[in-house]
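Breakdown of the fold
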Amino acid sequence: MDSEQIEQVRRFNRTVTERVGVLHDRYLGRDRPVGEARLLWEIGERGGAHDVRRLRERLGLDSGYVSRLLRALAADGLVTVEPHPEDRRVRTVRLTDAGRAERAELDARSAELAGSLLAPLNDGQRARLTAAMAEAERLLTAATVTLEVTDPDHPDARHCLHSFFAELQERFDTGFDPARSLLPDAGELRPPRGVFLVARLHGEPVGCAGLKLPSGAPAEVKRMWVAPRARGLGLARRFLSELEARAAHHGHEVLRLDTNKVLTAAIALYRSHGFTEVPAFNDEPYAHHWFEKRITAGPPSGPRE
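These remarks concern the structure in this document. (Residues numbered from 1 in each chain as written. Predicted model: local features only at pLDDT ≥ 70, side-chain atom pairs only at ≥ 80, totals over all residues. Heavy atoms only, no water.)

Turning our attention to the layout of surface pockets. Here the largest pocket is characterised by a volume of approximately 2,000 Å³. As for the largest pocket, its lining consists of 39 residues, and the residues nearest its centre are V16, V20, R38, E137 and L140. Mapped onto the lining of the largest pocket, the elements with two or more residues apiece are helix 1 (3-19), helix 2 (34-45), helix 3 (52-59), helix 4 (63-75), helix 5 (97-118) and helix 6 (123-144). Its residues assigned to classes, the lining of the largest pocket comprises 24 nonpolar, 7 polar and 8 charged. If you add up the space inside the second largest pocket, you get close to 690 Å³. Every residue lining the second largest pocket is counted, 34 residues in all, and those nearest its centre are M224, W225, L263, A266 and Y270. (1 Å grid on protein atoms, 1.4 Å probe; cavity = no way out; pocket = protein on both sides within 12 Å on 5 of 7 lines; lining within 4 Å. Points joined across faces, edges and corners; volume = space filled by probe spheres on them. Helix = DSSP H or I, 4+ residues; strand = E, 2+ residues; numbered from the N terminus. Nonpolar A, V, L, I, M, F, W, Y, C, P; charged D, E, K, R; others polar.)

Written as structure tokens, this is what we have:
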């Protein structure tokens, strides 16, 4: 990043906050600031009761701040906050009838605001602005995704692996049976023998990737998967770069992986990332292509377990 890029982001942020009215205490002309309005909208987005903790993670807000917002909305009769019926330690929130009416009014006013932003522009300018907004949204979403070292037996890790195996079952000509595959055991993906990364978007798992770090042998990428809703964010390439850096940090000079012939997008990614096809180096029954890449040690970009 350079100073010009930083300044451009700051100018963009100032312009957006001014034009959409978040600097006012009465957002969209209602009797509440943008924080309350945004939380009200999020609660009503999917209907029903919501886990307060999940809402907080999705919006990236401090628990104390969310509690204050919920108290204000409850005092206005717009939401009810109750313990979860199966676990009283978990709080849930849902809209009241008044809350649904207020959310509908906010939706209508938000649409009017969006129209007012587009109205002064000609057709070509509108197309350029909305296309730029879509690209900005995609890139901002990509920047929101976190990669965290996670135990392979963690529920989020298991969710990713089960989703991955289900997708392979649908896509492979022969189906996919984990019992036949050369799956690493959990111990091979835990430090110091390996590492397992889980990608999360708004607190929800959206991808995973494992790295085996055998002593005296090349490092190996295992079980890399990205959820369909997170594809197009550059997450697979980010996984590869992170695993490569970790392998180099642990002294490995070669990184390997194998893949199935139907995973054409993955094969193209590996080749563009500098992997070259090599003869088979294992007996994986579902593999048709084997790749490796020579890597060099460099300064780590963050803590390496």
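Next comes the rest of the account.
On to helix 5. In this model helix 5 runs 32 Å from its N-terminal to its C-terminal C-alpha over 22 residues, within 8% of the 32 Å that 1.5 Å per residue would give. Considered for burial, the residues of helix 5 that qualify are G99, E102, R103, L106, L113 and L117. Projected down its long axis, helix 5 shows its buried positions confined to an angular sector of 100 degrees, all on one face. Exposed side chains of helix 5 directed beyond 90 degrees from the buried face belong to D97, A111 and E112. Buried residues along helix 5 sit in contact with helix 1, helix 2 and strand 3 (87-95). (Expected span 1.5 Å × (residues − 1). Buried < 20%, exposed > 50% of the residue type's maximum accessible area, 1.4 Å probe, protein only. Arc of directions from axis to C-beta. Contact = heavy atoms within 4.5 Å.)

Across the sheet, 3 strands lie side by side as 1-3-2; this open sheet has antiparallel pairing. Two strands lie at the open edges of the sheet, namely strand 1 (50-51) and strand 2 (79-84), each paired on one side alone. Inspection of the sheet shows strand 2 paired to strand 3 by 6 bridges, in the antiparallel sense. Opposite T80, over in strand 3, you have R94 as the bridge partner. Relative to strand 3, helix 2 is tilted by about 100 degrees, and along the sheet it contacts strand 1, strand 2 and strand 3. (Pairing = 2+ DSSP bridges. Axes fitted to C-alpha atoms, helices over the stretch in contact; angles between N-to-C directions.)

On to the packing of aromatic side chains, then. Counting across every chain of the model gives 7 aromatic pairs. Look at F172 and F176: their rings are 6.0 Å apart centre to centre, the planes differ by 80 degrees, and that puts the pair in the edge-to-face class. Comparing F172 with F176, the two get one shared label, buried. With a centroid separation of 5.9 Å and an interplanar angle of 35 degrees, the aromatic rings of F172 and Y286 are classed as tilted. Taken together, the residues F172 in the loop between helix 7 (155-171) and strand 5 (194-201) and Y286 in the loop between strand 9 (276-278) and strand 10 (289-294) connect sequence positions 114 residues apart. Both residues of the pair, F172 and Y286, count as buried. (Phe/Tyr/Trp six-rings, centres within 6.5 Å; stacked < 30°, edge-to-face > 60°.)

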